[in-house]
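Read off the chains here:
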Amino acid sequence: MSYRIGQGIDFHQLEEGREFWLGGILIPHDKGAVGHSDADVLLHAICDAMLGALALGDIGVHFPDTDPQYKGADSKKLLAHCYKLISEKGYSLVNVDSTLLLQAPKIKPHIPQMQQTIADILSLSIDDVSIKATTTEHLSFIGREEGVVATVNILLKKN
Ligand code: MG
């Protein structure tokens, strides 16, 4: 059986008064991520990991931030598109392992809903979608609540 590994990382600024989309769901918070689309770092990093596993370029190639059709885009649609691309190449996912880096808010209560949302799009079971979260102990832009980061590793298998 043929396997391919992929990794993705994404960064977005946080700004007061914006919606905070993360892992495909809306997180109640006084700040939200800034971006051309809905700025969902976790879904963007998963997209990049899937594209990377098959050397299909990166999210900026497929969804340019200069393209008005992606303004305010729902990143779940971008994720579904990337999944379609790997499916068309004859691959499916084995698992997703991710880490969110942010100081606030607490993410743990939201993780099951994020896992389910992502699992549904990627035809996975919830047990195949790992979402971990860490603060940076108040260090750096993350610790100052100026930004949020997601890192993702995935494994694809040839059908
Ligand atoms: Mg992004």
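Residues numbered from 1 in each chain as written. Predicted model: local features only at pLDDT ≥ 70, side-chain atom pairs only at ≥ 80, totals over all residues. Heavy atoms only, no water.

(A) The nonpolar core, seen in detail. Leu 22, Leu 42, Ile 46, Met 50, Leu 93 and Leu 122 are the most contacted members of the largest nonpolar core, which has 48 residues in total. In terms of residue count, helix H1 (residues 41–53) provides more of this core than any other element does, 10 residues in total. Those residues in contact with Leu 122, other than ones at most four positions away along the chain, are Ile 46, Met 50, Leu 79, Tyr 83, Leu 93 and Val 96. (Core = buried A, V, L, I, M, F, W, Y, C linked by side-chain atoms within 4.5 Å. Buried < 20%, exposed > 50% of the residue type's maximum accessible area, 1.4 Å probe, protein only. Helix = DSSP H or I, 4+ residues; strand = E, 2+ residues; numbered from the N terminus. Contact = heavy atoms within 4.5 Å.)

(B) Looking closely at the packing of helix H3 (residues 75–88) against helix H4 (residues 111–122). Where H3 meets H4, the axes come as close as 9 Å, and the angle between the chain directions of the two elements is 35°. Like other packed secondary-structure pairs, H3 and H4 cross with a definite hand, here right-handed. The residues of H4 that touch H3, namely those facing Lys 76, Leu 79, Ala 80 and Tyr 83, are Thr 117, Ile 121 and Leu 122. Per-class residue counts for the contact of H3 with H4 are five nonpolar, one polar and one charged. (Axes fitted to C-alpha atoms, helices over the stretch in contact; angles between N-to-C directions. Left-handed = near helix turned anticlockwise from the far one by under 90°. Nonpolar A, V, L, I, M, F, W, Y, C, P; charged D, E, K, R; others polar.)

(C) Region of interest: the coordination of the magnesium ion. Here the magnesium ion is held by Asp 10 (OD), His 12 (NE2) and His 44 (ND1), and the distances to it run 2.1 to 2.2 Å. Here the donor residues for the magnesium ion map to a single chain with the spacing D-x1-H-x31-H. With His 12 in strand S1 (residues 3–16) and His 44 in helix H1, the pair connects residues that are 32 residues apart, well separated along the chain. As far as burial versus exposure is concerned, His 12 and His 44 are alike and both buried. (Donors = N, O, S within 2.8 Å, 3.2 Å for Na, K, Ca; no water.)

(D) Expanded view of the pairing of strand S6 (residues 129–134). Where strand S5 (residues 91–101) lies against S6, six bridges are found, and the strand directions are parallel. Its bridge partner being in S6, Leu 100 is matched across the sheet by Ala 133. For the crossover from S5 across H4 to S6, the handedness is right-handed. (Pairing = 2+ DSSP bridges. Right-handed = clockwise from strand over helix to strand, strands pointing away.)

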